[in-house]
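Residue-level structure breakdown
Below are the chains, spelled out letter by letter.
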Amino acid sequence: MRNEFKNDIEELVESISESYNLEYYIVPRELGSLPNRDVIIEILTTLRRLIFPSYFGKNSFRKEVQEFHIGELLINVTEKISKQITLALKHQARILENFNEDDFILKADQLGYEFISKIPQIREYIATDVQAAFDGDPAAESKDEIIFSYPGLLAISIHRLAHELYELAVPLIPRIMSEYAHSITGIDIHPGACIGKYFFIDHGTGVVIGETAIIGQHVKIYQGVTLGALSTRGGQKLRGVRRHPCLEDDVTVYSGASILGGETVVGKGVVIGSNVFITNSVQAGTKVSIKNPELLFSEGGPKEQQKEEIGFDWVI
Amino acid sequence: MRNEFKNDIEELVESISESYNLEYYIVPRELGSLPNRDVIIEILTTLRRLIFPSYFGKNSFRKEVQEFHIGELLINVTEKISKQITLALKHQARILENFNEDDFILKADQLGYEFISKIPQIREYIATDVQAAFDGDPAAESKDEIIFSYPGLLAISIHRLAHELYELAVPLIPRIMSEYAHSITGIDIHPGACIGKYFFIDHGTGVVIGETAIIGQHVKIYQGVTLGALSTRGGQKLRGVRRHPCLEDDVTVYSGASILGGETVVGKGVVIGSNVFITNSVQAGTKVSIKNPELLFSEGGPKEQQKEEIGFDWVI
Amino acid sequence: MRNEFKNDIEELVESISESYNLEYYIVPRELGSLPNRDVIIEILTTLRRLIFPSYFGKNSFRKEVQEFHIGELLINVTEKISKQITLALKHQARILENFNEDDFILKADQLGYEFISKIPQIREYIATDVQAAFDGDPAAESKDEIIFSYPGLLAISIHRLAHELYELAVPLIPRIMSEYAHSITGIDIHPGACIGKYFFIDHGTGVVIGETAIIGQHVKIYQGVTLGALSTRGGQKLRGVRRHPCLEDDVTVYSGASILGGETVVGKGVVIGSNVFITNSVQAGTKVSIKNPELLFSEGGPKEQQKEEIGFDWVI
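The present account deals with the structure reproduced in this document. Residue indices begin from 1 for each chain and proceed along its sequence in written order. Throughout, the order in which chains and ligands are written sets their labels, letters from A for the former and numbers from 1 for the latter. Local features in a predicted model are, by the rule used here, given only for residues with pLDDT of at least 70; side-chain atom pairs are given and counted only at 80 or more, and totals for whole chains, interfaces and linings are based on all residues. Only hydrogens and water are set aside when side-chain values are computed; all heavy atoms of the structure are taken into account.

**A look at the interface of chain C and chain A**
The contact criterion used throughout is that any non-hydrogen atoms of two residues lie within 4.5 Å. Contacts between chain C and chain A engage 84 residues on the former and 72 residues on the latter. Throughout, buried area stands for the accessible area (probe radius 1.4 Å) lost by two parts on being put together, summed over both. Note on chain C versus chain A: buried area summed over both sides is about 6,900 Å², and carbon and sulfur give 59% of it. When residues of chain C are sorted by the area they lose upon contact with chain A, Arg123(C), Pro138(C) and Phe148(C) head the list and together hold 10% of the total. By salt bridge we mean one thing: a side-chain nitrogen of Lys or Arg within 4 Å of a carboxyl oxygen of Asp or Glu. Our enumeration of links across chain C and chain A arrives at two salt bridges. Here a polar contact is taken to be a pair of N or O atoms separated by no more than 3.5 Å, where protein atoms must pair a possible hydrogen donor with a possible acceptor and residues adjacent in sequence count only if both atoms sit in side chains. Scanning the region where chain C abuts chain A turns up 15 residue pairs in polar contact (both at pLDDT 80 or more).

Pasting the structure below:
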């Protein structure tokens, strides 16, 4: 670096340092260490190896040492998650000014254990999701292909883990997990959502499932589906209020449809067509489609009167 | 870890271990080693360096040692892909109960070689895709920018590789490649799709191209476009059936449009407008748009009678 | 590898080597080293630690050594970005055949310093974005959760950095940064877009914001929103032309809406409903919604006459 910039950088260090003293919300250092996103992703990776033995590990899985293998992964994951929960609880308590150092480690150990004790049940649920994907997708070559590569399965697997932590009221960590899943799959499921067995998301990019959504068994949704709120104008005043819909068993929702509102109930066996936009309840057994917009066909070429029908390359 | 949890963990190990014996489809360990997703991604990284010399390597590319450099990358990639193909074939054969150890390595070596021998042709295709992106996007500063950063180019590059393996009937690996591309680009192209030269996907997030789609030359599609199936209700019974549309040369499809069905043919030079939803064939040269839904304008404020027009922040 | 393939591979090396001599645009090796995408991502990671102290570092942030910490990160990032700018400028100059080695290092150092000197101002903007997300999302548990996990915040943070480099006319690097953000968030903001304070993108997957878009303060947009061009048929002839809309202060745009065209101005306080498609200006204070397409309800079962209303699983 040139000398002329050295002095400038000293000034800049000071200027940044001062800015750290001004704006609390992006400088929480006085609140101690925070959970570490990288470690939380490592935890998810280890849990995936436990849930899908032999798919994601480096070494092949040998039946004769199965219990040692499980034990090793489990102890590793328990220690890591308990540590992260401790950090998350401490941080929350300091914000709430309700801090008592000794309580946290014990509480975090208990929460960590409660979480890992759910693994057999979570596996049972995820096994039904694999089955639902296989039954629902003619392009699926095998269940192995689904486990290896389907983003919908990855998203629901991570959701089922994050949801348990959400239920245990662990702060920060569930959302870090779900947004990690969002990042790699394009599927955004808030950890608060309650989702039944045999859930299948096909393709998945652009799916949004809100915090208070409730989804039954054997539900299938496609890319670009939103299960959302009617409005978020209330902002933080709406925290904890039911804002997202309920889908009963055997519902199918095709691509691009939006179902909004905390009082909206989509009954058993309903089929919602592509691009349908719904804010009221739908009776069980109904099929809902949109009357598709009229299509306009022309032989092309730049025509002045067609300027209204945009999205075309001859309009400009 | 506290002692009180040690015993609990031993029980949990047993409980997970038992669950491994119950549910085959997420415990295929008895079927031997599976292909390794991380190695498959390494293969794609090496292939990208071969296809775009000097863009992605750590060292600059020197013309005088070009052949050594190519040779090294090529041997590396051939050995890795053959190993992965061996694992994929063995796994498939064990499932089919048609297992004969000796055949696999030879067959995998042959398939691996057939695959890499396609690289010059794949490069030729990808070069046309770079050109199409440059010609089609006024925001493109240079072809280098496209190669470095355009998700559409990355998705079609990986597709062209995965498609060759699909054509060679290699199990598992093509889909792992294409879902890796989906994960980092939001563009979901099934490795079965046949795509002509000069293909350009702009922005790309949410694009879905199904297994049996056929796409001609000089086709351009935008974010959120689906080339899909009319229905997947048949599930696994539909495997191998033509379910996705054909787009002839010079077709443009704007954002959010859906073209569905295995008998749908979109003729040469057709332009499909934004959000069009089509399930029938379209004659060559036609422009198709939707008659846009009527827009409602109001001066705002909470009005009871507007509750129907949702998606607004004054409705709740 | 078998001997029979050894010779074949030698031929293949030659064939690939020859193809490198044919097609310039995927072999720019004669133009020297290019910027390195991995290093550019490292730079973004370091900048994130500077902007959000204590959130993303491995060690906890200690107030008493704050200035040393800032200084170390800043020197690291300045040297790296200057090196990458040097490579980008050299590459551009060689293409423009306007090459004078000595000029670049000085110019790159100056540009690198100008860039990092913007960090305090960028932090100030990003702090307003955190606030906007917290105020706008009832699912936000805390500002920490937003900083750790919201893809919208990550996308706008990287955009604010990339935009400064775009303003300094640095080639290649801004777009590599913005497409990296696109890859991990599904949000595609061209580095050229001008965006005011308090910007909030909720969910975000599928958002596209074009190069010449202008966005005021306190603007909120949802997943799947496009601020795009009416047409890109002109291709490279349109470079530099204003093609994207302007959104004034306090505008909200709900999911799936498209606002297109360089002459389109959306006035102060306007609310655009879900799936609205707009190509003309909208007066301040207006709410715009679509008259939703008529919904068709049926009790299901395969009916011939419903073949038009597709997207349903009973149609095939």
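**Things to note about the sheet that holds strand E7 (residues 226-228) of chain A**
All names here are of chain A. Pairs of strands are assigned from DSSP output, requiring at least two bridges between the strands. The way it works is that DSSP assigns letters per residue, a run of H or I at least four long becomes a helix, a run of E at least two long becomes a strand, and they are numbered from the N terminus. Here we have five strands laid out as an open sheet, ordered E1-E4-E7-E10-E13, and parallel in their pairing. Every other strand in the sheet has two partners, leaving strand E1 (188-189) and strand E13 (277-278) as the edge strands with one partner each. Judged from the two bridges that link them, strand E4 (residues 208-209) and E7 form a sheet pairing that is parallel. Opposite Ile209, over in E7, you have Leu227 as the bridge partner.

**Considerations on the interface of chain B and chain C**
Contact residues are listed per partner, giving 83 residues for chain B and 72 residues for chain C. Both faces considered, chain B and chain C share a buried interface measuring about 6,800 Å² in area, 59% of it formed by carbon and sulfur atoms. When the buried area of chain B at its contact with chain C is split by residue, Arg123(B), Pro138(B) and Phe148(B) rank highest and sum to 10% of it. Where chain B packs against chain C, one counts two salt bridges.

**Here we look at the sheet that holds strand E11 (residues 265-266) of chain A**
One key point about sheets: their strands pair by backbone hydrogen bonds, in either a parallel or an antiparallel sense. Residues and elements named next belong to chain A. In spatial order, the strands read E2-E5-E8-E11; together these four strands make up an open sheet with parallel pairing. Of all the strands in the sheet, just strand E2 (194-195) and E11 have a single pairing partner and so form its edges. Here E2 pairs with strand E5 (residues 214-215) via two bridges, running parallel. Across the sheet, Cys194 pairs through a bridge with Ile214, a residue of E5.

**Overview of the pattern of salt bridges**
Scanning the model with the defined rule gives 27 salt bridges over all chains in all. A salt bridge links Arg243(A) to Glu211(A); its shortest N-O distance comes to 3.1 Å. In this pair, Arg243(A) sits in the loop between E7 and strand E8 (246-247) while Glu211(A) sits in the loop between E4 and E5, placing the two residues 32 residues apart along the sequence. Note that Asp250(A) is salt-bridged to Lys268(A), the shortest N-O span being 2.9 Å. Of this pair, Asp250(A) sits in the loop between E8 and strand E9 (252-253) while Lys268(A) sits in the loop between E11 and strand E12 (271-272), placing them 18 residues apart in sequence. When a residue's accessible area, from a 1.4 Å probe over protein chains only, is under 20% of the maximum for its type it is buried; when over 50% it is exposed; and in between it is partly exposed. Judged by relative accessible area, which is 32%, Asp250(A) ranks as partly exposed. A relative accessible area of 45% places Lys268(A) in the partly exposed class. Within this structure, Glu145(A), Arg175(B) and Glu179(B) form a network of salt bridges that share partners.

**Some thoughts on the relation of the copies chain B and chain C**
The copies are overlaid by a least-squares fit using only the C-alpha atoms of residues whose pLDDT is at least 70 in both copies. After a rotation of 120° and a shift along the axis of 0.0 Å, chain B superposes on chain C with an RMSD of 0.0 Å. Put plainly, the chains are arranged around a three-fold axis.

**Quick notes on the nonpolar core**
For this analysis, a nonpolar core means a set of buried residues of the types Ala, Val, Leu, Ile, Met, Phe, Trp, Tyr and Cys, connected via side-chain atoms within 4.5 Å. Counting 263 residues, the largest nonpolar core has Leu74(A), Ile272(A), Leu74(B) and Leu74(C) as the members making the most contacts within it. For Leu74(A), the contacting residues outside a window of four places in its chain are Leu50(A), Ile116(A), Ile119(A), Ile9(B), Leu12(B), Val13(B) and Ile16(B).

**Remarks on the relation of the copies chain C and chain A**
Take chain C, turn it by 120°, move it 0.0 Å along the axis, and it overlays chain A with an RMSD of 0.0 Å. An overlap of only 13% is found between the interface residues of chain C and their copies at the interface of chain A, pointing to separate contact surfaces.

**With respect to helix H2 (residues 37-51) of chain B**
Working note: α-helix, 3.6 residues per turn, so residues spaced by three or four point in the same direction. Taking 1.5 Å per residue as the helical rise, H2(B) with its 15 residues ought to reach 21 Å, and the 21 Å between its terminal C-alpha atoms agrees with that figure. If you check the start of H2(B), you find a side-chain oxygen 2.8 Å away from the backbone N of Asp38(B), and it comes from Asn36(B). For a helix, the expected span equals 1.5 Å multiplied by the number of residues minus one.

**Some words on the packing of H2(B) against helix H7 (residues 151-167) of chain B**
Residue and element names in this part refer to chain B. At a minimum axis distance of 11 Å, the contact between H2 and H7 shows a crossing angle of 105°. Between H2 and H7, the angle falls in the class roughly perpendicular. Of the residues in H7, those in contact with Leu44, Leu47, Arg48 and Ile51 of H2 are Leu154, Ile158 and Leu161. Put simply, Ala, Val, Leu, Ile, Met, Phe, Trp, Tyr, Cys and Pro go in the nonpolar bin, Asp, Glu, Lys and Arg in the charged bin, and everything else, Gly too, in the polar bin. In the contact of H2 with H7, the residues fall into six nonpolar, no polar and one charged. To obtain an axis, a line is fitted to C-alpha atoms, over the contacting stretch when the element is a helix, and the angle between two such axes runs from 0 to 180 degrees between their N-to-C directions. If an angle is under 35 degrees, it is roughly parallel; if it is over 145, roughly antiparallel; if it lies from 65 to 115, roughly perpendicular; otherwise it is oblique.

**Thoughts on the packing of helix H7 (residues 151-167) of chain A against helix H8 (residues 173-185) of chain A**
Residue and element names in this part refer to chain A. One can describe the packing of H7 onto H8 by two numbers: an axis separation of 8 Å at closest approach and a directional angle of 175°. Accordingly, the angle class assigned to the pair H7 and H8 is roughly antiparallel. Of the residues in H8, those in contact with Pro151, Leu154, Ala155, Ile158, Ala162, Leu165 and Tyr166 of H7 are Ile173, Pro174, Met177, Tyr180, Ala181, Ile184 and Thr185. Looking at the contact of H7 with H8, its residues break down into 13 nonpolar, one polar and no charged.

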